[in-house]
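What follows is the residue order along each chain.
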Amino acid sequence: MGNNLAMTDIPRRAVARTAKLASLPLGFAGRAVLGLGKRVTGLASEVVTAELQQRTAEQVFSVLGQLKGGAMKFGQALSVFEAALPEDLAGPYRQALTKLQEAAPPLPAATVHRVLGEQLGRQWRRKFREFSDRPAAAASIGQVHRATWRDGTEVAVKIQYPGAGDALVADLNQLSRLASLFKIIQPGMEIKPLVTELRARITEELDYEMEARAQAAFAEGFADDPEIHVPRVVAGTPRVLVTEWVEGTPLSAVIADGTAEERDRAGRLLATLHFSGPARAGLLHADPHPGNFRVLPDGRLGVIDFGAVARLPGGLPAPIGRLVRLALAGEAEAVVAGLREEGFVSGGPIDATAVLDFLLPMLEPIAVDEFHFTRAWLRAEAVRLGNPRSPAYQLSRQLNLPPSYMLIHRVTLGSIGVLCQLEARAPYRAVVHDWLPGFAT
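Please read these numbers as outputs of a predicted model, since none were measured by experiment.

About the cut-offs
Residues numbered from 1 in each chain as written. Predicted model: local features only at pLDDT ≥ 70, side-chain atom pairs only at ≥ 80, totals over all residues. Heavy atoms only, no water. Helix = DSSP H or I, 4+ residues; strand = E, 2+ residues; numbered from the N terminus. Contact = heavy atoms within 4.5 Å. Axes fitted to C-alpha atoms, helices over the stretch in contact; angles between N-to-C directions. Parallel < 35°, antiparallel > 145°, perpendicular 65-115°, else oblique. Nonpolar A, V, L, I, M, F, W, Y, C, P; charged D, E, K, R; others polar. Pairing = 2+ DSSP bridges. pLDDT = per-residue confidence, 0-100.

Chemist: Before we go on, may I ask you to explain the environment of Met-210 in this structure?
Modeler: Inspection of the secondary structure puts Met-210 in helix α10 (residues 208–221). The sequence separation of Met-210 and Thr-237 amounts to 27 residues, and the corresponding C-alpha distance is 9.0 Å. Setting aside its immediate chain neighbours within four residues, Met-210 contacts Glu-204 and Arg-311.

Chemist: I keep staring at the packing of helix α14 (residues 332–342) against helix α15 (residues 352–367) and nothing clicks. Help me out?
Modeler: The geometry of a pair of packed helices is captured by two quantities: the angle between their axes and the separation between those axes. Relative orientation of the contacting elements α14 and α15 amounts to 85 degrees, with a least axis distance of 8 Å. With respect to α15, the axis of α14 lies roughly perpendicular. Contacts from Ala-332, Glu-333, Val-335, Val-336 and Leu-339 of α14 reach α15 at Ala-352, Thr-353, Val-355, Leu-356 and Leu-359. Considered class by class, the residues forming the contact of α14 with α15 number eight nonpolar, one polar and one charged.

Chemist: What is the right way to look at the sheet that holds strand β4 (residues 228–229) in this model?
Modeler: Two strands in a sheet stick together by hydrogen bonds in their backbones, pointing the same way (parallel) or opposite ways (antiparallel). Reading across from one edge, β4-β10-β9-β7 is the order of the four strands in this open sheet, with mixed pairing throughout. Since the sheet does not close on itself, it has two edges, and those belong to β4 and β7 (249–250), each with one partner.

Chemist: Just checking my understanding: could you explain the confidence of the model for the protein chain for this structure?
Modeler: Low pLDDT means the predicted atomic positions in that stretch should not be read closely. Per-residue pLDDT for the protein chain averages 78, and the proportion of residues at 70 or more is 68%. Segment residues 75–85: pLDDT under 50, and 42 contacts once partners within four positions in sequence are set aside and those in other chains are kept. Confidence drops under a pLDDT of 50 for residues 96–103, and excluding neighbours within four residues, the segment shows 16 contacts in the predicted structure.

Chemist: Teacher, can you tell me more about the sheet that holds strand β5 (residues 233–236) here?
Modeler: Spatial strand order, β1-β2-β3-β6-β5: five strands in an open sheet with antiparallel pairing. Across the chains shown, the open sheet's two edge strands, defined by having one partner strand only, are β1 (128–139) and β5. On average, each strand axis in the sheet is inclined to that of its neighbour by 20 degrees, with strand direction left out of account. As defined by bridge partners, β1 adjoins strand β2 (residues 142–149) across seven bridges and the pair is classed as antiparallel. Pairing of Ala-137 across the sheet is with Val-144, part of β2. Docked against the sheet, α10 engages β2, β3 (154–160), β5 and β6 (240–244), running at close to 20 degrees with respect to β6.

Below, the structure is given as structure tokens:
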């Protein structure tokens, strides 16, 4: 594919984008990300001035914004930490992130038609009654067009940018340079296996046929569900995905303007999707980003992107539920033994009581019958876990994240970020009780 691509194929070409990222002196990029990480984790306000912070935010996000694919995902992952920022500094980040998530320049119609011809056959127009050349939305490595399928079904047609694969691989290689951010968020983590795992999962998102299979499994698992709606797949090829159109209020609008009742309901349904997906579809929806959800007029939560999933044919791992239950019961030694067995604790002896003190505040949302997620709660947790002088930070240096748990961890963090943006109050303990294996005694 590579060199003979028209310059219009990828709105911003890989070469230019890579050069742009490379042009950030590594020292500055490192410092910028360090500043970002410190602020995200709520520490060192005396070191990082608000002005530098704003410049750092704009610089890092402008670079991430130049990238497609992997970096877009990386930016979205960072955006969940936005809720953890002190309010006086959240402004510039929010603006930078909003810019990052806005649509990329659209592909020219001729390129769109060429991809449709390659993927659906030269007579592709016969498959549609109507097709709009103007994109309705941007996807992370493509764009979405609204159309009417030949049987009259209103559909969303997701079209991958030509050359997105090459660009994505280049982006992922560049992203390894930003791995120090992960180090700041979780100092004890072994980064290399995680980056490898992240690369494998993100590369999967290039294959829309794989996404079609995941979406079909979810659609079957949630068929006729009164609370969660998964649109069915109409057609899928490696670079084009056609699914039922979902009309509804974007979750970002619910975050911004929803009533307390609407936000509470959306939060409960989001938690239900994440905890029940593995049991009902054998899959975990692994991209809890507000852009992937709509609230339908009848109140159901519509889920519109299945590019990132974790395959869990046996459901969520039972040790998680068992260890959470033991932690809430105060069984410190049993918790440490279980964590060691699963690979979360490597190396020498560890203080079991300290481990419990580390975990219990995080488990507060399911220690009570009803919990209210707030940005303030998330900020307090970020400070507790991110301040080098705190016992939690010291202890976290002895903990590791096994690659098999990476997506579960990422989804949990991401979901909590969205719940805090929603400021949602709900009976999360009951959701976990119903769907997390090993949690209910």
